[in-house]
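# Descriptive analysis of the structure
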Amino acid sequence: MKPFVYGLIGLKRGSWELLASLLIALGVIMLMQPFVLWMFTYSFIVTLVGTVMFIIVSHFPE
């Protein structure tokens, strides 16, 4: 857990890419579930934020 947090604070690519990937996966899961309307409503925003974050983070140093 500590290397992940230190990676986020130190702007390391690996930790931020993991966080962006988790956001993308969460957005897709929110999109596919049929039960909770607010999750479906915000699924596109969450997926979009994760995708843009992944594009930006891919330019961070290793």
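None of the values given here were measured: they were computed from a predicted structure.

### Considerations on helix 3 (residues 37-57)
- Here helix 3 contains 21 residues, and its C-alpha end-to-end distance of 30 Å stays within 8% of the 30 Å for a straight helix at 1.5 Å per residue.
- Along its length, helix 3 shows its largest kink, about 40°, at Ser 43.
- Here the buried face of helix 3 lies against helix 2 (13-32).

### Some remarks on the environment of Leu 48
- Along the polypeptide, Leu 48 turns up in helix 3.
- You can call Leu 48 partly exposed: its relative accessible area is 41%.
- For the pair formed by Leu 48 and Ser 15, sequence separation is 33 residues and the distance between their alpha carbons is 19 Å.

### Overview of the side chain of Ser 43
- For Ser 43, the location among the structural elements is in helix 3.
- In this structure Ser 43 comes out as buried when scored by relative accessible area, which is 1%.
- At a separation of 2.9 Å, a polar atom in the side chain of Ser 43 contacts the main-chain carbonyl oxygen of Phe 40.
- Every residue in contact with Ser 43, bar those within four places of it in the chain, is listed here: Gly 27, Met 30 and Leu 31.

### Here's the deal with the environment of Gly 50
- Structurally, Gly 50 can be placed in helix 3.
- Taking the C-alpha atoms as reference points, Gly 50 and Ile 9, separated by 41 residues in sequence, lie 18 Å from one another.
- Setting aside residues up to four positions removed in sequence, Gly 50 forms contacts with Ala 20, Leu 23 and Ile 24.

### Notes on the confidence of the model for the chain
- In the predicted model, the chain carries a mean pLDDT of 90, and the fraction of residues at 70 or more is 98%.
- Predicted confidence in the chain is weakest over helix 1 (residues 2-9), with a mean pLDDT of 74, and strongest over helix 3, with 96.

Rules used in this analysis
- Residues numbered from 1 in each chain as written.
- Predicted model: local features only at pLDDT ≥ 70, side-chain atom pairs only at ≥ 80, totals over all residues.
- Heavy atoms only, no water.
- Helix = DSSP H or I, 4+ residues; strand = E, 2+ residues; numbered from the N terminus.
- Expected span 1.5 Å × (residues − 1).
- Bend = angle between axes of the 7 residues up to and from the residue.
- Contact = heavy atoms within 4.5 Å.
- Buried < 20%, exposed > 50% of the residue type's maximum accessible area, 1.4 Å probe, protein only.
- Polar contact = N/O pair within 3.5 Å; in protein donor to acceptor, adjacent residues only side chain to side chain.
- pLDDT = per-residue confidence, 0-100.

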